[in-house]
Amino acid sequence: QVQLVESGGGLVQAGGSLRLSCAASGRTFSSYAMGWFRQAPGKEREFVAAINWTGASRDYADSVKGRFTISRDNAHNTVFLQMNSLKPTDTAVYYCAAARGKYGGRSVADYSSWGQGTQVTVSS
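Residues numbered from 1 in each chain as written. Predicted model: local features only at pLDDT ≥ 70, side-chain atom pairs only at ≥ 80, totals over all residues. Heavy atoms only, no water.

### Re the pairing of strand β1 (residues 2–7)
Working note: regular strand, side chains alternate between the two faces of the sheet.
Here's step 1: With burial as the criterion, only one face of β1 is covered, namely that bearing Val 2, Leu 4 and Glu 6; the residues Gln 3, Val 5 and Ser 7 on the opposite face remain uncovered.
Here's step 2: One ladder, built from six bridges, connects β1 with strand β3 (residues 18–26); its direction is antiparallel. Its bridge partner being in β3, Val 5 is matched across the sheet by Ala 23. (Buried < 20%, exposed > 50% of the residue type's maximum accessible area, 1.4 Å probe, protein only. Helix = DSSP H or I, 4+ residues; strand = E, 2+ residues; numbered from the N terminus. Pairing = 2+ DSSP bridges.)

### A short note on the nonpolar core
Here's step 1: Of all hydrophobic cores here, the largest spans 36 residues; its most connected members are Met 34, Trp 36, Leu 81, Met 83 and Tyr 94.
Here's step 2: Among the elements of the structure, β1, β3, β4 (34–39), β5 (46–51), β7 (68–73), β8 (78–83), β9 (92–99) and β11 (118–123) are those that each provide at least two residues to this core.
Here's step 3: Per-element accounting of this core gives the leading share, six residues, to β9.
Here's step 4: Look past the residues within four positions of Met 34 in its chain and what remains in contact with it is Leu 4, Cys 22, Phe 29, Ala 49, Ala 50, Ile 51, Ile 70, Arg 72, Val 79, Ala 97, Ala 98 and Tyr 111. (Core = buried A, V, L, I, M, F, W, Y, C linked by side-chain atoms within 4.5 Å. Contact = heavy atoms within 4.5 Å.)

Right, here's the structure in full:
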């Protein structure tokens, strides 16, 4: 089992930036992919970005492509989500997740462990 703790959320104006971090413990961090998801009030949890076990392969939702960057530091068991050019529609609780294997997908079912979430609010 993997334990995940997110940090870095907050309130930012439209056009601003935030960097989310997720610290992992438990399973060997470099043995599994990681993902970020988000959930807005009244909506289902949706895929944001994923990164494979080495960091060489990344995937993004169309809504964030070109604005968000996912990265990982296997030496420090941490995954990051750099969010630039934020929009009010990016407002949500953001969750990091540990995949079941070395490559993560876009489905919630592809992930076996979840953090508690961190709130991101973008004002217009």
